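# Per-entry structural report
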Amino acid sequence: MIEKKSWPTNCKLNTCSEDILKRKQLSGHRLTWQAYHRLGDIHDFFDYLAKTYPDICTVEIIGYSLQKRPLKILKISNGQTSNRSIWIDGGIHAREWISPAVCTCIVNQICENWDDLPSYMREFDWYIHPVANPDGYEYSHTTDRLWRKNMRSHGRQCPGVDLNRNFGYKWGGRGTSANPCSQTYRGTKAFSEPEAFYISKFISSFPKDTFKAYLSFHSYGQYILYPWGYDYQETTDMADLDLLARQAGTSIAKSSGVKYTVGSAANTLYPAAGGSDDWAKGIAEIKYSYTIEMGDTGRYGFILPASHIESNCRDAYTVVDTITRAIKMGKNSRRRRKLKFRHG
């Protein structure tokens, strides 16, 4: 269970958030998970964790955005070279503020409770990139709350590329647009945008079998989606992807009562080529690749009040915990079956 200390329940938003903010400032960071925070606060939080937990936390800049903002990730690890890894990202679409919020919330849970985490959580290396579109995210705070794309200038009145149509697997296909004014503009070529390119470069710098899961948080709709998104096709291991996604959905329903719909991206929502999850599956060969669309189902949509952050944090952590446990236990169960066979 997630410790209640991380999400105070003895007060309501706007009644004690100021006191919490003061306490957080004294401890070295400002994040409260009772408000949406700007990029600077999120990056400062990562720096704080690296200073506070140097044995397990490391900050790395994997590249820079178009407007030269750092693409900052946090690595959490017990330092064992034999570990496999899990990648988590958020904020690919600027207006989906709940996405960076749940990513930083997951980070907080893992770091603050590291010694008490089950072994299946501590035996992975975690790479978390909560704001993959920092330029768009800042623009959505300062200028246009519903901004979706990055801030690529085309020399015209329609800036931006949809980063989740810019990844280099089946780029340019269904659900994408060649029109720069479209919300789903795919860019001039695969990985034309540094924000997408540097994710691919970083993950590709590791041996193929390093990453066991790729989890990309978005909003909204309450879905757990898996490849393929580019077309109405099934992966050869769809049964495995579906089973694990349904386990995560069932865990959420049991813990919070919230229902998540599970299925392949194209068949469950709509085809969309050039997505990060398809690239993670098709090129990086990460078996368990998922896009998680957080709440709600449409009452507030992208304009989700900050009062909904905590409940979404719990559901997001449930997804991560369930998927991690299943991957680790599945590996162990296969080993046990082999040992049993060998020893009769």
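Residues numbered from 1 in each chain as written. Predicted model: local features only at pLDDT ≥ 70, side-chain atom pairs only at ≥ 80, totals over all residues. Heavy atoms only, no water.

An unreviewed UniProt entry lists the protein under the name Peptidase M14 domain-containing protein, with Glossina brevipalpis given as the organism. Here is the UniProt Cofactor (unreviewed entry) comment for the protein, exactly as written: "Zn(2+)". (UniProt positions renumbered as here; feature names shortened; annotations may be inferred.)

Attention shifts here to the sheet that holds strand 8 (residues 288–294). In spatial order, the strands read 1-2-4-3-5-8-6-7; together these eight strands make up an open sheet with mixed pairing. Each of the sheet's edge strands pairs with one partner strand only, and the pair in question is strand 1 (57–64) and strand 7 (261–264). Averaged over all neighbouring strand pairs, the angle between strand axes comes to 20°, with direction disregarded. Two elements, strand 1 and strand 2 (residues 70–76), share six bridges in a ladder whose sense is antiparallel. What sits directly across from glutamate 60, in strand 2, is isoleucine 73. Across the sheet, helix 2 (residues 39–52) is in contact with strand 1, strand 2 and strand 4 (124–129); its angle to strand 2 comes to roughly 35°. (Pairing = 2+ DSSP bridges. Helix = DSSP H or I, 4+ residues; strand = E, 2+ residues; numbered from the N terminus. Axes fitted to C-alpha atoms, helices over the stretch in contact; angles between N-to-C directions. Contact = heavy atoms within 4.5 Å.)

Let us look at the UniProt feature "active site" (unreviewed entry) in the protein. The UniProt feature table records "active site" (unreviewed entry) at Glu293. As for its position among the elements, glutamate 293 is in strand 8. Dropping the residues within four chain positions of it, glutamate 293 is found in contact with His218, Ser219, Tyr220, Gly221, Gln222, Tyr223, Leu225 and Tyr260. Within the structure, glutamate 293 has its side chain in polar contact with the backbone nitrogen of serine 219 (distance 3.1 Å). (Polar contact = N/O pair within 3.5 Å; in protein donor to acceptor, adjacent residues only side chain to side chain.)

With that settled, consider helix 5 (residues 134–142). For helix 5, the full list of buried residues reads Pro134, Asp135, Gly136, Tyr137, Glu138 and Ser140. Among the structural elements, helix 2, strand 2, helix 3 (98–112) and helix 6 (194–204) are those in contact with the buried residues of helix 5. (Buried < 20%, exposed > 50% of the residue type's maximum accessible area, 1.4 Å probe, protein only.)

Our focus in this paragraph is the nonpolar core. The biggest cluster of nonpolar side chains holds 60 residues, and the ones touching the most others in it are Ile76, Ile88, Trp126, Leu215, Phe217 and Tyr290. Sort the elements by how many residues they give to this core and helix 3 lands first, with nine residues. Those residues in contact with leucine 215 that sit more than four places away from it in its chain are Ile86, Trp87, Ile88, Asp89, Tyr290, Ile292, Val320 and Ile323. (Core = buried A, V, L, I, M, F, W, Y, C linked by side-chain atoms within 4.5 Å.)

Attention now moves to the pairing of strand 6 (residues 223–226). Moving residue by residue along a regular strand, the side chains alternate between the two faces of the sheet. In terms of strand pairing, strand 6 meets strand 7 through four bridges, oriented parallel. Each residue of the ladder has a partner; that of isoleucine 224, found in strand 7, is valine 262. With helix 7 (residues 238–256) bridging strand 6 and its parallel neighbour strand 7, the resulting β-α-β unit is right-handed. (Right-handed = clockwise from strand over helix to strand, strands pointing away.)

A few words on the pattern of salt bridges. Tallied over the entire structure, the rule returns 16 salt bridges. Its salt-bridge partner being lysine 328, residue glutamate 123 comes within 3.4 Å of it at the nearest N-O pair. Of the two residues, glutamate 123 sits in the loop between helix 4 (119–122) and strand 4 while lysine 328 sits in helix 10 (residues 309–342), which places them 205 residues apart along the sequence. A relative accessible area of 32% places glutamate 123 in the partly exposed class. (Salt bridge = Lys/Arg side-chain N within 4 Å of Asp/Glu carboxyl O.)

As a further point, take the state of the cysteines. Enumeration over the complete set of coordinates arrives at one disulfide. The side chain of cysteine 158 participates in a disulfide bridge whose partner is cysteine 181; the two sulfur atoms lie 1.9 Å from each other. In this structure, the disulfide formed by cysteine 158 and cysteine 181 twists by about 85° around the S-S bond and is classed as right-handed. Here cysteine 158 is found in the loop between helix 5 and helix 6, whereas its partner cysteine 181 is found in the loop between helix 5 and helix 6, with 23 residues between them in sequence. (Disulfide = S-S within 2.5 Å.)

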